Amino acid sequence: MKRRKDKRRIIKMGTRKKVHAYVRVKPTDEFAYEMITFGEDNKSIDIHIKKDGRRGTVNNQQTDWSFKLDGVLHDASQDCVYDTVAKEVVAQALDGYNGTIMCYGQTGAGKTYTMTGTTENYKHRGILPRALQQVFRMIEERPTHSITVRVSYLEIYNETLFDLLSTLPYVGNSDTPMSIVESPQGIFVKGLSVHMTGREEDAFSLLFEGETNRIIASHTMNKNSSRSHCIFTIYIEAHSRSLSDEKYVTSKINLVDLAGSERVGKTGSEGQILKEATYINKSLSFLEQAIIALGDRKREHVPFRQCKLTHALKDSLGGNCNMVIVANVYGEATQLDETLSSLRFASRMKLITTEPSINEKYDAERMVKNLEKELILLKQELAIHDSLANRAMVTYDPMDEVQIAEINSQVRRYLDGSLEEIDIINLRQIQEVFNQFKVILSLQEQEVEANLRRKYTLINKNDYATITAVQKAGLVDVEGNTVGETDGQGFGLGIAPFSAKPGKKGKIKKSYKDIPGALGKKDGLLSPVSGKDGESISTSRTQLLSSSKEADVKDVLSRDREASGSEPLASDSPKEDSRITRPATPPPKPSAFEEFKNERGSEINRIFKQNKTILNDRRKKASETAQRINSIKKEIDTTKEALDVQKNFREEQGEYENKGLMIIDEEEFLLILKLKELKKQYRGEYQDLHDLKAEIQYCQHLVDQCRQRLLTEFDIWYNESFLIPEEMQASLKAKGSIRLGLFPLTKLTSLAEDDEEKFGQIQASVLPDCPDSVSFYNARMKFDQKQNYSKTMASFQNKTSGLNPTVLKEKSQSDNNLP
Ligand code: ADP
Ligand code: MG
């Protein structure tokens, strides 16, 4: 289509043409031979006016003019005029070129004679009937084409449009008020009847009908017919009779009999006449303005819409049509002024260039039919090729659901390796294979995400408020990764309440048993460190790690933030990234570890330290209790000894007995009471010691886990910050929230390199022959990378049993069973 368009433009560019201007001099017995002379080439006309003696000695009046035109028609027959002026324009109209022929001149100079001629005398018929004749003759000469002819006849009088053929039956809407409409197809007069004529004869009757109406109207409506413009239009549409040709051409020939060009002053008219004359002058001077603008190639705007005449002729003046003007003049000396004015107009017209071009159109219905035919032919051709190549049973119809499902299964088998290659059958099948790759890939993506969502609470990366809140709560690091156990079960790391953060020291409860709701719960989300808000923190931790609803997270976090009023952490802003300035060589691990503890790992480090403090505190208490137990034990021993002494003494003295009851003295009695009290104390302290030991064991476990966590996090951070190439991080991380730092560097680099190299090789070998395979291989590579990832991650998680979620869960549950 595009190429066709370009071709069309070439035609246009190659045929720039000047407007053809002719002068026709009306025969007269009083021809002013001394004033009007014609050039020998029959193309020039010279006017000479004798000096006006009355104007005195100083007389600057111009007296000589010379006009060069395309032809001077003096004493020319109607026949000759037609051949000179119109024949070529009409001939080209049948090839698709628009044409316009206009007669200009003062009233009585022969415009109507030239255009219409006499309707009584065939010999004196004008351009109009001759043009119709030529059109029908040419149609007869072109049996290869089906050509339709339509005509319309428009009169413009006092800026009003009249349909000169309105008296004839017409299929269109004849009630519509007439108006000039611009459409993509061009200018047309809405409401103007356009009549199809199949024969020359019919066309003539239409012309006569119009002429008669023109004359009648001039009488009944008190119109002066010489003051109206008449436009007779012949519309031609030529389709090739060969159905394979979808192109067809359209054209129109505008034959314009303009109103008299004489100026108002000369007629001396008044009232109605003056109004008419003014109009005539106005529309003709607008025509002149439009023509001047068309002649000036620098001017972009042409004032076509100033009056009905120029508006109606917008696409027939200049533009893409063949254009001819005939200036009708008198040969008498008395009319020389008007003759001069008409000649000036004609020579101005000559300055206009037009770019006639074929109005080529495409028959949509034919195009569809032809394409259908071609399709059938090509299918037959394919069938022959298939049978020659022994490829039976290949269909080329659109695939049904069963076939698509089969391709889906093939692609799946191909991806998991159980099918080595997918045979190429036809183009539709290849397209469907690609499509199924896409389908499977997007399914896998969804699965990966669903898995992640099942395990983690995913926070939108752009939701800075939530990320900041979660970071503050110590649940994620600046990268947005969850701190703590990877499966979200928690492993008793514990979250310090905000009130216990450095600089906002919270109260640490004295007794292990006093930790509210912390122990004895089976969720394993224990906090050995608790502040006044301990319960709510424990809850928030549970919700954060088990809830998938972001709203809940936000809610709880904002509550926590309000309750704690803690100051933002250094890593508050998600835009801050310590890895932006990466050193060329990785820093030594010990110093990096110190840095990590102060920055990225500060939260884990803080929890680690707090747990250690609690552990030390419990240990100290335990040793104090043990000391107390020892001293109580000593006292019990001494009390026992003293009692023994007393007993021996009493036995030596002889025992007192009263009604079977042993009488003991007061001293011995007090000793017995003391011993009882001491034993009670001993048992109490011993129980405390037992409890403290359990608590110490539990705290020790937490401290160990914190240490482990701190080190793991440090390793991840160190790998990501200094070791894993940034491009790899970017390309691999885009696939999901996988923590690259978790993987051994060697595995990671080899993974990406292997895959990329492998597919690079495949592409290099396959691409030149099969450029469409790019998307296929890209999809394949991404898919394989993703699968390798899942495998690596799974094996890595199995190896790091210390981080194994199930083991940890069991551990924390057994911890809960402590006294
Ligand atoms: P216009 O339309 O310009 O007002 P017309 O065409 O009506 O002028 O001409 C006025 C009269 O002159 C008509 O009677 C017409 O027949 C006659 N006439 C004009 N030109 C010629 C010509 N070239 N040969 C013979 N008669 C002519
Ligand atoms: Mg006339």
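Residues numbered from 1 in each chain as written. Chains lettered and ligands numbered in written order. Predicted model: local features only at pLDDT ≥ 70, side-chain atom pairs only at ≥ 80, totals over all residues. Heavy atoms only, no water.

**Considering the overall build of the chain**
Along its length, the chain carries 23 helices and 19 strands. The proportion of buried residues among the 819 residues of the chain is 44%. Long-range contacts, defined as pairs at least 24 residues apart, comprise 74% of the intrachain contacts of the chain with a sequence gap of at least 6. When the accessible surface of the chain is summed, it comes to about 45,000 Å², and 53% of that surface belongs to carbon and sulfur atoms. (Helix = DSSP H or I, 4+ residues; strand = E, 2+ residues; numbered from the N terminus. Buried < 20%, exposed > 50% of the residue type's maximum accessible area, 1.4 Å probe, protein only. Contact = heavy atoms within 4.5 Å. Areas by Shrake-Rupley, 256 points an atom, 1.4 Å probe, with all protein chains shown as cover.)

**Examining the sheet that holds strand β4 (residues 44-48)**
Spatially, three strands are ordered β3-β4-β5 in an open sheet, and the strand pairing comes out antiparallel. Bordering the open sheet on either side are β3 (36-38) and β5 (64-68), each of which pairs with just one other strand. Neighbour-to-neighbour, the strand axes of this sheet turn through a mean angle of 15°, independent of strand direction. Where β4 meets β5, five bridges bridge the pair, whose relative direction is antiparallel. If you follow Asp46 over to β5, its bridge partner there is Ser66. Against the sheet, helix α10 (residues 336-349) touches β3, β4 and β5, its axis set at about 40° to β5. (Pairing = 2+ DSSP bridges. Axes fitted to C-alpha atoms, helices over the stretch in contact; angles between N-to-C directions.)

**Here we look at the nonpolar core**
A general feature of soluble globular proteins is that nonpolar side chains tend to end up buried together. One finds Ile47, Met102 and Met349 to be the most contacted residues of the largest nonpolar core, which totals 52 residues. The element that contributes the greatest number of residues to this core is helix α8 (residues 271-295), accounting for seven residues. Excluding its chain neighbours within four sequence positions, the residues that come into contact with Ile47 are Met35, Ile36, Thr63, Asp64, Trp65, Phe67, Leu336, Leu340 and Leu343. Within the second largest apolar cluster, 45 residues are counted, among which are Ala76, Val89, Leu128 and Val149. (Core = buried A, V, L, I, M, F, W, Y, C linked by side-chain atoms within 4.5 Å.)

**Topic: the pattern of salt bridges**
Under the definition given, this model contains 32 salt bridges. Two residues, Glu262 and Arg227, come together in a salt bridge whose shortest N-O distance is 3.6 Å. With Glu262 in the loop between β14 (247-257) and α7 (264-267) and Arg227 in the loop between α6 (200-220) and β13 (229-240), this residue pair connects regions lying 35 residues apart in the sequence. Of the two residues, Glu262 and Arg227, neither departs from the other in class, the shared state being buried. (Salt bridge = Lys/Arg side-chain N within 4 Å of Asp/Glu carboxyl O.)

**Section: helix α12 (residues 401-416)**
For an α-helix, the turn length of 3.6 residues means that residues three or four places apart are oriented alike. The terminal C-alpha atoms of α12 lie 23 Å apart, and with 16 residues this matches the ideal 22 Å at 1.5 Å per residue to within 8%. Among all positions of α12, only Ile407, Asn408, Val411, Tyr414 and Leu415 are buried. Burial along α12 is one-sided: seen end-on, the buried residues are contained in an arc of 125°. In α12, those exposed residues whose orientation departs by more than 90 degrees from the buried face are Val402 and Asp416. Following α12 by one or two positions, Gly417 adopts a phi angle in the positive range, close to 95°. (Expected span 1.5 Å × (residues − 1). Arc of directions from axis to C-beta.)

**Here's the deal with the site of ligand 1**
Neighbouring ligand 1 are Arg24, Lys26, Pro27, Gln106, Thr107, Gly108, Ala109, Gly110, Lys111, Thr112 and Tyr113. At a separation of 3.4 Å, an oxygen atom of ligand 1 approaches a polar backbone atom of Ala109. The contact in question runs from an oxygen atom of ligand 1 to an N or O atom on the backbone of Gly110, over 3.1 Å. Relative to its unbound accessible area of 550 Å², ligand 1 is 66% covered by the protein chains. The dominant element in the shell around ligand 1, judged by the number of residues it contributes, is helix α4 (residues 111-115), at three residues. Taken together, the residues that form the shell around ligand 1 break down as three nonpolar, five polar and three charged. (Near = heavy atom within 4 Å. Polar contact = N/O pair within 3.5 Å; in protein donor to acceptor, adjacent residues only side chain to side chain. Nonpolar A, V, L, I, M, F, W, Y, C, P; charged D, E, K, R; others polar.)

**Quick notes on the packing of aromatic side chains**
Under the counting rule described, the total for this entry stands at 14 aromatic pairs. Pairing Tyr682 with Tyr686 gives two aromatic rings, centres 6.1 Å apart and planes at 20°, and the pair type is stacked. Here Tyr686 and Tyr682 lie together in helix α19 (residues 666-723), a separation of four residues that amounts to about one turn. On the basis of relative accessible area, Tyr686 is assigned to the partly exposed category, the value being 49%. Linked through ring pairs, Phe593, Phe596, Phe714, Trp717, Tyr718 and Phe722 together constitute an aromatic cluster. Positioned above the aromatic ring of Tyr718, the side-chain terminus of Lys589 is 5.1 Å from the ring centre. (Phe/Tyr/Trp six-rings, centres within 6.5 Å; stacked < 30°, edge-to-face > 60°. Lys NZ or Arg CZ within 6 Å of the ring centre and 35° of its normal.)

**Let's talk about the side chain of Thr250**
Examined against the element boundaries, Thr250 turns out to sit in strand β14. A relative accessible area of 12% means that Thr250 is categorised as buried. Polar side-chain contacts of Thr250 include one of 3.2 Å to the side chain of Lys361. In contact with Thr250, not counting residues within four places along its chain, are Gly96, Asn98, Ile236, Glu237, Asn359 and Lys361.

**Considerations on helix α17 (residues 589-598)**
Of the positions making up α17, those classed as buried are Ala592, Phe593 and Phe596. The buried residues of α17 occupy an angular sector of 105° when the element is viewed end-on, so they sit on one face. Seen from the open side of α17, the exposed residues pointing more than 90 degrees away from its buried face are Pro590 and Asn598. Packing partners of the buried residues in α17 comprise α18 (602-653) and α19.

**Observations regarding a nonpolar patch on the surface**
Side chains of Ile664, Phe669, Leu670, Ile672 and Leu673 sit close together on the surface and give an oily, nonpolar patch of about 410 Å² of accessible area. Among the secondary structure elements, Leu673 is positioned in helix α19. (Patch = residues over 30% accessible without salt bridge, like charges linked within 9 Å, V, L, I, M, F, W, Y side chains within 5 Å.)

**Some remarks on the environment of Ile459**
Inspection of the secondary structure puts Ile459 in the loop between α13 (427-455) and α14 (464-472). Residues Ile459 and Val470, spaced eleven residues apart in sequence, show a C-alpha to C-alpha distance of 9.3 Å.

**Quick word on unusual backbone geometry**
Of note in the backbone geometry, Asp75 takes a positive phi value of approximately 55° without being a glycine. With respect to the helices and strands, Asp75 occurs in the loop between β6 (71-74) and α2 (78-85).

**A few points about the confidence of the model for the chain**
Averaged over all residues, the pLDDT of the chain equals 76, while 69% of them reach at least 70. Every residue in residues 484-579 scores below 50 in pLDDT, and together they form 176 contacts with partners more than four places removed in sequence or on other chains. Residue range residues 800-819 is modelled with pLDDT below 50. Its contacts to residues more than four positions away, or to other chains, number 32 contacts. (pLDDT = per-residue confidence, 0-100.)

**Some points on a positive patch on the surface**
Judged by side-chain charge, Lys640, Lys679, Lys680 and Arg683 come together as a positively charged surface patch. Of all the elements, α19 adds the most residues to the positive patch, at three residues. Along the chain, the position of Lys679 falls in helix α19. By relative accessible area, Lys679 is classed as partly exposed at 36%. (Lys, Arg positive; Asp, Glu negative; His and termini not counted. Charge placed at Lys NZ, Arg CZ, Asp CG, Glu CD.)

**Describing the packing of helix α5 (residues 127-141) against α6**
Packed helices, taken two at a time, are described by their axes: the angle between them and the distance between them. Here α5 crosses α6 at 160°, and the two axes come no closer than 9 Å. Our classification of the angle between α5 and α6 gives roughly antiparallel. When the axes of α5 and α6 are compared, the crossing they make is right-handed. On α6, the residues that touch Leu128, Pro129, Leu132, Gln133 and Phe136 of α5 are Glu200, Ala203, Phe204 and Leu207. Class assignment for the residues of the contact of α5 with α6 results in seven nonpolar, one polar and one charged. (Parallel < 35°, antiparallel > 145°, perpendicular 65-115°, else oblique. Left-handed = near helix turned anticlockwise from the far one by under 90°.)

**Things to note about the packing of α12 against α13**
Here α12 crosses α13 at 65°, and the two axes come no closer than 9 Å. Classified by chirality, the crossing of α13 by α12 is right-handed. Contact residues: Ile404, Ile407, Asn408, Val411, Arg412, Tyr414 and Leu415 in α12; Gln429, Glu432, Val433, Gln436, Phe437, Val439, Ile440 and Leu443 in α13. Grouping the constituent residues of the contact of α12 with α13 by class yields ten nonpolar, three polar and two charged.

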